[in-house]
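Structural overview
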Amino acid sequence: MSVRLLIAEDEDPIRKGVVKYIQLHTDRFTRIYEAENGQEAVELLLKYHPDMLLLDMQMPLKNGMEVMEEARRAGLHPITVVLSGYDEFKYAQQAIKFGAKEYLLKPVRAADILALLNYLADEYIGLGEKAENMAEDRKQENPLVKAAKEYMEEQYAENISLADVAEKLGISQGYLSTMLKSSLGLGFVEYLHQLRIDHACCYLEQNYLKNYEIAYKVGFQDEKYFYKIFKKIKGVSPKEYRKKSRNLEVGS
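All of these numbers come straight from a predicted model, not from anything done at the bench.

Here we come to the layout of surface pockets. One water molecule sets the probe size; rolling that probe over the atoms shows where empty space is left. What the largest pocket holds in volume is close to 210 Å³. Lining of the largest pocket is provided by Ile96, Lys101, Glu102, Tyr103, Ser177, Thr178, Lys181, Ser182, Gly187, Phe188 and Glu190. Sorting the residues of the lining of the largest pocket by element identifies β5 (102-105), α9 (173-184) and α10 (188-206) as the ones contributing at least two each. Considering each element in turn, the lining of the largest pocket owes the most residues, four residues, to α9. Split by residue class, the lining of the largest pocket holds three nonpolar, four polar and four charged.

Set out below in structure tokens:
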């Protein structure tokens, strides 16, 4: 099955570099179209109906959101990956709501872009249950996600950030964020919170540290914020969780 890709990026070196890298490293895309501004992107969408779209948010004539809106009005729904700078991150979030599949934060390496495009192309090409199983296997076996989880497990009590983990793995923050979301269904902060709260539960069950001591021990710098996140994830306060675990011990 053929996959047609449109790359809309106004910076010639970036656009042409990505096109060349894709052509050298994969044969998944039978056609690659290039647009140097938003208006040209719309025209190519209407003319060729590409299956996938790599879309820069900030372009001359029409921005990424306007391109997506015009495509939708025309009944076109390509699998869209948004490229966004930090200053335009709010637009990337809006684009996700408008149907974009994923986003990557600039600066991003061509290898990271290709890895994500290949992943999405494989999902597009695949059919039925076999494709779903293959996609699930990729999520479970992704070595980058595994390495990220192991590092976060080691460092969860420290003041770690997405940038720290990405640097440790030698990949971009945007790519790491995308892979975590695709594989775990959670963003970086959500997963880190889950990890910290799971460890907090262990301390609460042991029942020898005070709540505020546990908060700092698992990486939270603010006791009230710890309580808020704990209740959000577990549905009860740390105090209620401690009491519940002690009652279970008594009743066992």
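Burial runs high along strand β3 (residues 52-56): five of the five residues are buried. In β3, alternate side chains face the same way, and those of Met52, Leu54 and Asp56 on one face and Leu53 and Leu55 on the other are all buried. Pairing geometry for strand β1 (residues 3-8) and β3, over four bridges, is parallel. Following the sheet pairing, leucine 6 is matched in β3 by leucine 53.

The next thing to look at is α10. When the terminal C-alpha atoms of α10 are compared, their 28 Å separation across 19 residues agrees well with the 27 Å that a helix rising 1.5 Å per residue should span. Following α10 by one or two positions, asparagine 207 adopts a phi angle in the positive range, close to 65 degrees.

With that settled, the discussion passes to the environment of tyrosine 225. Residue position: tyrosine 225 is located in helix α12 (residues 223-234). When the C-alpha positions of tyrosine 225 and alanine 215 are compared, they lie 9.0 Å apart, and in sequence the two are ten residues distant. In contact with tyrosine 225, other than residues within four places in its own chain, are His193 and Phe220.

How each quantity is defined
Residues numbered from 1 in each chain as written. Predicted model: local features only at pLDDT ≥ 70, side-chain atom pairs only at ≥ 80, totals over all residues. Heavy atoms only, no water. 1 Å grid on protein atoms, 1.4 Å probe; cavity = no way out; pocket = protein on both sides within 12 Å on 5 of 7 lines; lining within 4 Å. Points joined across faces, edges and corners; volume = space filled by probe spheres on them. Helix = DSSP H or I, 4+ residues; strand = E, 2+ residues; numbered from the N terminus. Nonpolar A, V, L, I, M, F, W, Y, C, P; charged D, E, K, R; others polar. Buried < 20%, exposed > 50% of the residue type's maximum accessible area, 1.4 Å probe, protein only. Pairing = 2+ DSSP bridges. Expected span 1.5 Å × (residues − 1). Contact = heavy atoms within 4.5 Å.

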